[in-house]
Amino acid sequence: MTEEPKQMYCTVQQIADDPAFCFTISMLRYYILHAHRNGLLTAVRRIGKKVVIRRDLFVLWLEKHGRR
């Protein structure tokens, strides 16, 4: 029996602090603000005022964004 990978949700601060990514908090906030235009909307979840990002979809967005 195979288990599906867990979807990991991260805050903006966690993504900014992660050494795997080279984004500042202000850069991430800008991308989130314009998520409806840049395609990041699928990875962003809003729970009240809290914004979380699904890590796997964020990485996919990065990969697609780099291939213009």
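Model, not experiment: these values are computed from the prediction.

Undergrad: Looking at this structure, how should I read the overall build of the protein chain?
TA: Check the secondary structure of the protein chain and you find 4 helices and 3 strands. Start at the N end of the protein chain and walk to the C end: the helices and strands fall as β-α-α-α-β-β-α. For the protein chain, buried positions account for 31% of its 68 residues. Here the protein chain displays about 5400 Å² of accessible surface, and carbon together with sulfur accounts for 57% of that area.

Undergrad: Sorry, what's going on with the pairing of strand S3 (residues 50–54) here?
TA: Working note: regular strand, side chains alternate between the two faces of the sheet. Here 3 bridges tie strand S1 (residues 9–11) to S3, and the two strands are oriented antiparallel to one another. Bridging across to S3, Cys10 finds its partner in Ile53. Bridge analysis of strand S2 (residues 44–47) against S3 gives 4 bridges, and the strand direction is antiparallel. Bridging from a neighbouring strand, Val44 pairs with Ile53 of S3.

Definitions and limits used
- Residues numbered from 1 in each chain as written.
- Predicted model: local features only at pLDDT ≥ 70, side-chain atom pairs only at ≥ 80, totals over all residues.
- Heavy atoms only, no water.
- Helix = DSSP H or I, 4+ residues; strand = E, 2+ residues; numbered from the N terminus.
- Buried < 20%, exposed > 50% of the residue type's maximum accessible area, 1.4 Å probe, protein only.
- Areas by Shrake-Rupley, 256 points an atom, 1.4 Å probe, with all protein chains shown as cover.
- Pairing = 2+ DSSP bridges.

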